[in-house]
Amino acid sequence: MRLLVIEDDATLRESLARKLGESGFAVEQAADGKEGLYFALEYPIDLAIIDLGLPEVSGLEIIRQVREQGRSYPILILTARDRWEDKVDGLSAGADDYVVKPFHFEEVSARVNALLRRSGGWASSVLIAGPVSLDMSRQELTVNEGAIDLTSFEYKIIEYLMVRAGQVISKAELTDRLYDQDFERDSNVIEVFIGRLRKKMDPENTIKPIETLRGRGYRFALERNQSG
Amino acid sequence: MRSLSSRLLVSVSVLLLLFFGATIAVLDTAFSEAGEQARRDILDGHLVALLAAAEPDDDGNLMLPARLREPRFENIGSGLYAELLDADNAVLWRSRSALGLEIPSGVAPELGNHLFARESLEDGTPLLTLSLAVEWEFDDGKLQSYVFKVAESLDSFNAQVAGFRRQLFGWFALVALTMLLAFSMLLRGLLKPLRKIETEITEIEEGKRVALSGAFPTELTGVARNMNLLIDSERARSDRYRYTLDNLAHSLKTPLAAMRALLNDRQTEGFGGRFNEQIDRMDEIVRYQLRKPAASVADNLVLKPVNVEAEVTRLVDGLRKVYHDKDPVFDVRVERGMQFRGDTGDFLELAGNLLDNACKWCVKKVRISIVPSVGARAIASGMVLTVADDGPGIPQDAADALLQRGMRLDESTPGHGIGLAVVKDIARSYGGRLSIRRSSDLGGAEITVSIPPVASSRTQ
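What counts, and at which threshold
Residues numbered from 1 in each chain as written. Chains lettered and ligands numbered in written order. Predicted model: local features only at pLDDT ≥ 70, side-chain atom pairs only at ≥ 80, totals over all residues. Helix = DSSP H or I, 4+ residues; strand = E, 2+ residues; numbered from the N terminus. Buried ≥ 20, exposed ≤ 12 C-beta atoms within 10 Å, placed from the backbone. Contact = placed C-beta atoms within 7 Å. Pairing = 2+ DSSP bridges. Axes fitted to C-alpha atoms, helices over the stretch in contact; angles between N-to-C directions. Core = buried A, V, L, I, M, F, W, Y, C linked by C-beta atoms within 7 Å. Parallel < 35°, antiparallel > 145°, perpendicular 65-115°, else oblique. Nonpolar A, V, L, I, M, F, W, Y, C, P; charged D, E, K, R; others polar. Arc of directions from axis to C-beta.

**So, the overall build of chain A**
- Helices and strands together make up the secondary structure of chain A, namely eight helices and 12 strands.
- Across the 228 residues that make up chain A, the buried fraction comes to 39%.
- Taking all contacts inside chain A whose residues are at least 6 apart in sequence as the whole, residues at least 24 apart take part in 57%.

**Describing the overall build of chain B**
- Helix and strand counts for chain B come out as eight helices and 14 strands.
- Going through the 460 residues of chain B one by one, you find that 24% of them count as buried.
- For chain B, long-range pairs separated by at least 24 residues make up 62% of all intrachain contacts whose partners lie at least 6 apart in sequence.

**So, the sheet that holds strand 9 (residues 329-334) of chain B**
Residues and elements named next belong to chain B.
- Reading across from one edge, 9-11-12-14-13 is the order of the five strands in this open sheet, with mixed pairing throughout. Strands with a single pairing partner mark the edges of an open sheet, and in this sheet they are strand 9 and strand 13 (433-438). Recorded for the sheet is a direction-independent mean angle of 10° between the axes of neighbouring strands.
- Where strand 11 (residues 365-372) lies against strand 12 (residues 383-389), seven bridges are found, and the strand directions are antiparallel. Each residue of the ladder has a partner; that of Val-366, found in strand 12, is Asp-389.
- Each of strand 9 and strand 11 touches helix 5 (residues 308-322); the most contacted strand, strand 9, lies at about 175° to it.
- Packing against the sheet, helix 6 (residues 344-361) makes contact with strand 11, strand 12 and strand 14 (445-451), and its axis sits at approximately 15° to strand 12.

**So, the nonpolar core**
- Leu3(A), Ala351(B) and Leu355(B) are the most contacted members of the largest nonpolar core, which totals 105 residues.
- Tallying contributions element by element places helix 6 of chain B first for this core, with eight residues.
- Residues within four places of Ala351(B) in sequence aside, it is in contact with Val312(B), Leu315(B), Ile368(B) and Leu385(B).
- By size, the runner-up hydrophobic cluster in this structure holds 19 residues, among which are Leu50(B), Leu64(B), Phe73(B) and Ala151(B).

**A look at unusual backbone geometry**
All names here are of chain A.
- Omega for the bond connecting Lys-101 with Pro-102 falls within 30 degrees of zero, at -10°, which places this linkage in the cis form.
- Mapped onto the elements, Pro-102 comes out in the loop between strand 5 (97-100) and helix 5 (105-119).
- A positive phi angle is found at Asn-144, which is not glycine, with a value near 50°.
- Its location among the elements puts Asn-144 in the loop between strand 8 (140-143) and strand 9 (146-148).
- Asn-144 sits in the exposed class, given 11 other C-beta atoms within 10 Å.

**Notes on the packing of helix 4 (residues 84-93) of chain A against helix 6 of chain B**
- Between helix 4 of chain A and helix 6 of chain B, the shortest axis-to-axis distance is 8 Å and the interhelical angle comes to 85°. It follows that helix 4 of chain A is roughly perpendicular to helix 6 of chain B by the angle criterion. Here helix 4 of chain A contributes Trp84(A), Glu85(A) and Val88(A) to the contact with helix 6 of chain B, which in turn contributes Thr344(B), Gly345(B), Leu348(B), Glu349(B) and Gly352(B).
- Looking at the contact of helix 4 of chain A with helix 6 of chain B residue by residue, the class counts come to three nonpolar, three polar and two charged.

**Details of the sheet that holds strand 10 (residues 168-169) of chain A**
Residues and elements named next belong to chain A.
- Overall, antiparallel pairing links the three strands, which are arranged 10-12-11 in an open sheet. Of all strands in the sheet, those with a lone pairing partner are strand 10 and strand 11 (210-213), marking the two edges.
- Pairing between strand 10 and strand 12 (residues 217-220): two bridges, direction antiparallel. Residue pairing for strand 12: Val-168 is matched across the bridge by Arg-219.
- In the packing of helix 6 (residues 152-163) onto the sheet, the strands contacted are strand 10, strand 11 and strand 12, and the crossing angle to strand 12 comes to about 70°.

**Considerations on the interface of chain B and chain A**
- Contact residues are listed per partner, giving 18 residues for chain B and 14 residues for chain A.
- Broken down by element, the side of chain B that touches chain A gets its largest block of residues, six residues, from helix 5 of chain B.
- The class makeup of the residues in the side of chain B that touches chain A is five nonpolar, five polar and eight charged.

**Quick look at the pairing of strand 3 (residues 80-86) of chain B**
Residue and element names in this part refer to chain B.
- In terms of burial, strand 3 is largely enclosed, as five of its seven residues are buried.
- Bridge analysis of strand 3 against strand 7 (residues 143-153) gives seven bridges, and the strand direction is antiparallel. When the bridges of strand 7 are listed, Leu-85 appears paired with Val-147.
- Of the strand pairs in this sheet, strand 3 and strand 4 (residues 91-94) are connected by three bridges, and their pairing is antiparallel. In the sheet register, Leu-85 faces strand 4, and the bridge partner there is Val-91.

**A look at helix 2 (residues 33-42) of chain A**
Residues and elements named next belong to chain A.
- For helix 2, the complete set of buried residues consists of Gly-33, Gly-36, Leu-37 and Ala-40. The buried residues of helix 2 all sit within an arc of 100° when viewed along its axis, so they share a single face.
- Packing partners of the buried residues in helix 2 comprise strand 1 (2-6), strand 2 (26-30), strand 3 (47-51) and helix 3 (59-68).

Shown next, in the form of structure tokens:
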């Protein structure tokens, strides 16, 4: 998943980006509103974390423009102002949730995961589809109650596919959303990882969790047990 | 022209000038016309007398007697002159008074007609002349045309008019001055209360006085009362800020001291957690102090009404997003057209904190109802805001503690955070109350904020 962090305080932004990166997200950073707005409109983004008090273009203005341009990815606002007036302004402009500064990283991480899964139509942070269960807060994948050991990149892929269970995801989209900008882009790598995931999750090839649609991409094919 | 009295005086002076000017013009015209008419009548009389005195002489020519009855015709330069002219405008006879003077011949009138004219002597003396053209029938039946002409100098008349004018101007000027004087004295008396307000405000600025006294004329009591309200609200506001800052500074010192102590002893077990605890404490203190009410009941002069329905809709829409997973069922009952006379931020703080707590604690249902206070009109009325949920509710002892002792941070109801403390502060700053009970139908907490109607300065 590719996140965008727009925050003018360098310490806060870098710490946030680093920790989100450690949690398995690809993270874009913007230090002011102008740059942030550009990223928010031009980059393939799954979720944006936007500080309300930004130089150049205000956070509220970014949110408004993002929504006006028809981008529907979730937006989490960071605000130093705790009054409801500010929160309501942000939420009415099109944000989906807020975190008040100062915050614990865990709080941000929890909100981000909740928003991402919500945008995929899941109501709980444990995604269950047939025998497959993915706990986003713990980053654990189990098949038939058995834990599957995944590398961080494998986890990113299965999370991305499972959050969007039922949707066709192209290789290009996977590359876009999962690699950091400077990572070498090679779509063959994706095929290799998908192959490994299939082997780990379904060694006997009985449940077939990931479907390949020739020329179009991949789809997590198992029926959701619950949805939001 | 900043002062009221000078504005009034100038406008009154202009009015007086116009009015008296018109009066003077009318009187002057009337006087001159009446005077001239009188002069014409007199001239007419002289002319008739001349006609009567005219006799043909021995040569068969018309002649006037050597001495006329009117002595002014006999005195040289008397100002009254007479002439007899023949049909060719040649002078046949001239009164003694006109000796040495050349009376302009002017235009001869038609036969049998009177003609008044204004002419002047060579030295510029203005004359009013009356000419009459007659056809004289002599005894022998001969007919001869003559022009009788009398003229009177207008010098004395003009002098009379000028004298009249002088008197007129003099008297009117006197009257106008007296009126202006009286008026300005009246003004001083009328404006005295304004000057009193000014003095009292200066005294307030100098700290010699706390509020404006009440002794003002009816028209100014509203101003004085509003001024007092403004002064009160300003004073309360600055007190509030000073108090908040003071509190903030002092309450931050304890966690700061604790942090310093912790830093000196970094090896303590759970250093990170304990350090974080202090940061959280500081954060809470700052949050609480900054969310204090923006307005107070004394500010009602400067507040615009808040559209309650729109703000609640915004809040509920926002909370629906935030509590998306829980998806609480909102039951919103807002009186149509309801307004809250106060600060928008304060209203959002009241409703936002209560709704947020309700969403946090409810199982599924949240109800918000906002109605005007009993007996109040919907516009700018008092407000009763009730938020209820179907959660576990607030334990009675915690509720009592919150309501009775007055909230301090470390006593804040666990789980309801600083939200309720903020709500209570805001309610109180609007002269309102907070009550906590168990919802009879939903079973969870039911929190009611009652804000009394704003006392209007007009109905007080």
